[in-house]
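So you can see what is in the structure, the chains are spelled out below.
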Amino acid sequence: MERNPMRRQLQTLRKSLFDQGYLDDQFVQLEELQDDANPNFVEEVVTLYYRDSGRIILNIEQALERKPFDFNKLDAYMHQFKGSSSSIGAKKVKAESTLFREYCRSRNGEGCMRTFQQLKKEYATLRRKLEAYFQLARQAGPVETACRPK
């Protein structure tokens, strides 16, 4: 029975994403929307998130290259990015987004630059981890039901 060990591995990987603070309950809510009619719903939503948020990150990078900083524009971009990140439960990315916005409000350009670099690291790390998770999920087959991590 090859599926059992793979499912256990999938559950362990999923639990680690929560335990390490990469995901929050919003991800569970997405999983609860997934059903037999749309078995890849969560993966599709996350794929769309990374496609669309990549454009926002590019906008922020370009805005950070212009001096003096337009903190209002930076804050608006990050507000949009934070909302998208929240919608998939990207906990660490959301936390960095919040910090970036605080630096925008205090007009701290150096803080914005530093936080944005950390945000990009968290964003890339989560992407790698979720890609591995979804790859394993496809190999393991459909998961029975979504449940909150213990």
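Up top you'll find the structure we're talking about.
So, here's what we can say about the structure. Since the structure is predicted, the reported quantities are computational estimates derived from the model, not experimental observations. (Residues numbered from 1 in each chain as written. Predicted model: local features only at pLDDT ≥ 70, side-chain atom pairs only at ≥ 80, totals over all residues. Heavy atoms only, no water.)

## Section: the environment of Tyr133
Secondary-structure assignment places Tyr133 in helix H6 (residues 109-140). Sequence spacing of Tyr133 and Gly111 is 22 residues, and the spatial spacing of their C-alpha atoms is 32 Å. Tyr133 has contacts with Leu10, Leu13, Arg14, Leu17, Phe27 and Glu31, leaving out every residue within four places of it along the chain. One polar contact links Tyr133 to Glu31, side chain to side chain, over a distance of 3.4 Å. (Helix = DSSP H or I, 4+ residues; strand = E, 2+ residues; numbered from the N terminus. Contact = heavy atoms within 4.5 Å. Polar contact = N/O pair within 3.5 Å; in protein donor to acceptor, adjacent residues only side chain to side chain.)

## Let's talk about the packing of aromatic side chains
Evaluated as defined, the whole model comprises ten aromatic pairs. Seen in terms of ring centroids, Tyr133 and Phe134 are 5.4 Å apart; in terms of plane orientation they differ by 65 degrees. Their pairing is edge-to-face. Here the aromatic cluster, defined as three or more aromatic residues joined through ring pairs, consists of Phe18, Phe27, Tyr133 and Phe134. The cationic tip of Lys92 hangs over the ring face of Tyr22; the distance from NZ or CZ to the ring centre is 4.1 Å. (Phe/Tyr/Trp six-rings, centres within 6.5 Å; stacked < 30°, edge-to-face > 60°. Lys NZ or Arg CZ within 6 Å of the ring centre and 35° of its normal.)

## What about the packing of helix H2 (residues 25-33) against helix H4 (residues 71-88)?
At a minimum axis separation of 6 Å, H2 and H4 run at an interaxial angle of 60 degrees. The orientation of H2 relative to H4 falls into the category oblique. Across from Gln26, Phe27 and Leu30 in H2, the residues of H4 making contact are Ser86, Ser87 and Ile88. The residue inventory of the contact of H2 with H4, partitioned by class, reads three nonpolar, three polar and no charged. (Axes fitted to C-alpha atoms, helices over the stretch in contact; angles between N-to-C directions. Parallel < 35°, antiparallel > 145°, perpendicular 65-115°, else oblique. Nonpolar A, V, L, I, M, F, W, Y, C, P; charged D, E, K, R; others polar.)

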